[in-house]
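Chain by chain, the residues:
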Amino acid sequence: KRSFCTSHAANNNSSTIAFFSLLDRRRAPRISGFEFWRMVFFRSVAAFSRLRSRVGQQSSLGSSVRWIQMQSSTDVDLKSQLQELIPEQQDRLKKLKSEHGKVQLGNITVDMVIGGMRGMTGLLWETSLLDPEEGIRFRGLSIPECQKVLPVAQSGGEPLPEGLLWLLLTGKVPSKEQVEALSKDLANRAAVPDYVYNAIDSLPSTAHPMTQFASGVMALQVQSEFQKAYENGIHKSKFWEPTYEDCLNLIARVPVVAAYVYRRMYKNGDSIPSDKSLDYGANFSHMLGFDDAKMKELMRLYITIHSDHEGGNVSAHTGHLVGSALSDPYLSFAAALNGLAGPLHGLANQEVLLWIKSVVEECGENISKDQLKEYVWKTLNSGKVVPGYGHGVLRKTDPRYVCQREFALKHLPDDPLFQLVSKLYEVVPPVLTELGKVKNPWPNVDAHSGVLLNHYGLTEARYYTVLFGVSRSLGICSQLIWDRALGLALERPKSVTMDWLEAYCEKAKASSP
């Protein structure tokens, strides 16, 4: 096994990956052999010096420096990888609790209690971490770094979602062989029983796609391995094993269910069977009815970047909360989907495209920036929000927006709706800043995804949240496996009344000097 050191600091990762990129002569500038190796030497010394300096500066946080391992091609069994990792992480958690269990992580204010617990640290979520300034990191790797190191289907293409799933579960960057093995495993797990389709068919075809999708996931629960094992008295130290089986089965089957819902609603029920020769993202695109190579690339990117966004968002938190009651992964994920269906969470990606199309209908595709600014103010003055802008945690442009923009610049630069999205990027943030009520005026992931999907023919905006749900299965299920492996407790925070808050605040005011 080869390995390179990485920390949660962006510069550490960037320096290390840049160094290994330099060793690839195919990407190096045309210079003499002597100059090339001299450059390698000084770059490596500089990179090591920066890393050593940061580690020295953060000696008290030495355990935050991790080793991301580049796997050998011979070890392709994901479950065996977890069996090796779990005892080490269990010991790590025990040590953390015994040595630092009483350390305070911050103060809780009244604003936090009545404001949706914003800014309150209260969850353990291993698979990803969201920084307000730099965005999401999957096991320490940013989205651009994942695009560099995760296996791809074609040279220069987007990461395979199976590679990200391996990374989320193990903290290790997989080899191409490992990703191919995982892809085959998922394909072999993807059979969906007829009663699942019957459950969906019992609903009106006009029911919202998320209603049909969540109902299908609930029907899948009949085959829960965790439920069977729990009823048979499995020891709690083994909870993670049937959870693993449920989660891998669930991840494998949700694209099939989601595609069935799409074809039922929009293509006269003419479903398309799975193609086991395709990877996860490409096969999902195929089952939906889109076999364009660029659409398959978009689906790989879409699933990867929507997979996880730490644990505090509604869908992730819901999945964790329900799972903490030892509800099986199907019940937990179905609950998460119901949270995702809310207008303030996953439904926003539907709202963005509908709003953009309303701009075009009223003002035309060639709208000027001044006209667009006027339309934005019209939206805000009517008591509505500009969908796709702002975020509960982020305070800069969402990196997920940025990578979608880069995809558009590469593949569809002349698309009229993409050009409109680009104008919005210039117009909306200054308007929201002038408004003065928005902490983050920058675009989030939803501001761009609909335009890309629309370009390749997936124009049904009401369905977009289902795509989000399929993607989010990777992150929620990965964390559910670790929840059971680490034996995390039933979630039970304390709630209070307004009477209690008023009395507490009056007492605190009276006792202050």
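All figures in this text were calculated on a predicted structure; none of them were measured in a lab. (Residues numbered from 1 in each chain as written. Predicted model: local features only at pLDDT ≥ 70, side-chain atom pairs only at ≥ 80, totals over all residues. Heavy atoms only, no water.)

**Let's talk about the overall build of the protein chain**
Helices and strands together make up the secondary structure of the protein chain, namely 22 helices and five strands. Expressed as a percentage of its 513 residues, the buried residues of the protein chain come to 51%. With the model as given, the accessible surface of the protein chain reaches about 24,800 Å², and the carbon-plus-sulfur share is 54%. (Helix = DSSP H or I, 4+ residues; strand = E, 2+ residues; numbered from the N terminus. Buried < 20%, exposed > 50% of the residue type's maximum accessible area, 1.4 Å probe, protein only. Areas by Shrake-Rupley, 256 points an atom, 1.4 Å probe, with all protein chains shown as cover.)

**Remarks on the UniProt feature "active site" (unreviewed entry) in the protein chain**
Mapped onto the present numbering, the UniProt feature "active site" (unreviewed entry) falls on His-345, His-391 and Asp-446. In terms of the greatest pairwise C-alpha distance, the residues named above, spread along 102 residues, form a tight cluster of at most 10.4 Å across. Every residue in contact with His-345, bar those within four places of it in the chain, is listed here: Asn-313, Val-314, Ser-315, Gly-339, Leu-340, Asp-446 and Arg-472. Residue position: Asp-446 is located in helix H20 (residues 446-455). Residue classification places Asp-446 among the buried residues on the basis of a relative accessible area of 7%. (UniProt positions renumbered as here; feature names shortened; annotations may be inferred. Contact = heavy atoms within 4.5 Å.)

**Structural notes on the side chain of His-345**
Inspection of the secondary structure puts His-345 in the loop between helix H15 (329-340) and helix H16 (348-363). We classify His-345 as buried; its relative accessible area is 13%.

**A word on helix H11 (residues 240-266)**
The terminal C-alpha atoms of H11, which comprises 27 residues, lie 38 Å apart, in line with the 39 Å expected from a rise of 1.5 Å per residue. The largest bend in H11 amounts to roughly 30° and is located at Arg-253, with the proline Pro-255 lying one to four residues further along. Of all 27 residues making up H11, 24 are buried, and the element is well covered by its neighbours. Asn-268 sits one or two positions beyond H11 and adopts a positive phi of about 60°. (Expected span 1.5 Å × (residues − 1). Bend = angle between axes of the 7 residues up to and from the residue.)

**A closer look at the packing of helix H14 (residues 314-323) against H15**
Two elements in contact, H14 and H15, have axes whose closest approach is 8 Å; the angle formed by their N-to-C orientations is 150°. Relative to H15, the element H14 is oriented roughly antiparallel. Relative to H15, the crossing made by H14 is right-handed. Taken together, the residues of H15 that come into contact with H14 (itself represented by Val-314, Ser-315, Thr-318, Gly-319, Val-322 and Gly-323) are Leu-331, Ser-332, Ala-335, Ala-336, Gly-339 and Leu-340. Tallied by class, the residues present in the contact of H14 with H15 amount to six nonpolar, six polar and no charged. (Axes fitted to C-alpha atoms, helices over the stretch in contact; angles between N-to-C directions. Parallel < 35°, antiparallel > 145°, perpendicular 65-115°, else oblique. Left-handed = near helix turned anticlockwise from the far one by under 90°. Nonpolar A, V, L, I, M, F, W, Y, C, P; charged D, E, K, R; others polar.)

**Focus on H14**
Within H14, seven of the 10 residues are buried, which leaves the element mostly enclosed by the surrounding structure. Of the residues making up H14, those classed as buried are Ser-315, Ala-316, His-317, Thr-318, Gly-319, His-320 and Gly-323. Structurally, H14 contributes buried residues whose contacts are with H15 and helix H21 (464-485).

**Quick look at the environment of Pro-399**
The residue Pro-399 is located in helix H18 (residues 399-411) in this model. Taking relative accessible area as the criterion, Pro-399 reaches 18% and is therefore assigned buried. Between the C-alpha atom of Pro-399 and that of Val-445, which follows or precedes it by 46 residues, the distance is 7.8 Å.

**With respect to the pairing of strand S4 (residues 135-138)**
Residues in a regular strand point their side chains to alternate faces of the sheet. Judged from the four bridges that link them, strand S3 (residues 128-131) and S4 form a sheet pairing that is antiparallel. Counted as the bridge partner of Leu-130 is Ile-136 from S4. As consecutive antiparallel partners, S3 and S4 are separated by three residues. Taken together, the two bridges between S4 and strand S5 (residues 141-142) define a ladder with antiparallel strand orientation. Looking at S5, one finds that Arg-137 is bridged to Ser-142. (Pairing = 2+ DSSP bridges.)

**A closer look at the packing of aromatic side chains**
Counting across every chain of the model gives 11 aromatic pairs. Ring geometry for Phe-226 versus Tyr-230: centroids 6.0 Å apart, planes at 25°, classification stacked. In this pair, Phe-226 and Tyr-230 both sit in helix H10 (residues 225-231), four residues apart, roughly one turn of the helix. With relative accessibility at 3%, the residue Phe-226 sits in the buried group. A relative accessible area of 46% means that Tyr-230 is categorised as partly exposed. Each ring, one from Trp-500 and one from Tyr-504, has its centre 5.0 Å from the other, and the planes form 15°; the classification is stacked. Of this pair, Trp-500 and Tyr-504 both sit in helix H22 (residues 498-511), four residues apart, roughly one helical turn. Residue classification places Trp-500 among the partly exposed residues on the basis of a relative accessible area of 43%. Following the ring pairs from residue to residue traces out a cluster consisting of Tyr-262, Tyr-266, Phe-290 and Tyr-463. (Phe/Tyr/Trp six-rings, centres within 6.5 Å; stacked < 30°, edge-to-face > 60°.)

**Section: the pattern of salt bridges**
Counted under the stated rule, the structure contains 15 salt bridges. For Lys-79, the salt bridge goes to Glu-245, with nearest N and O atoms at 3.0 Å. Taken together, the residues Lys-79 in helix H3 (residues 78-100) and Glu-245 in helix H11 connect sequence positions 166 residues apart. Of the residues examined, Lys-79 reaches a relative accessible area of 19% and is grouped as buried. Connected via shared salt-bridge partners are Lys-79, Asp-185, Arg-189 and Glu-245. (Salt bridge = Lys/Arg side-chain N within 4 Å of Asp/Glu carboxyl O.)

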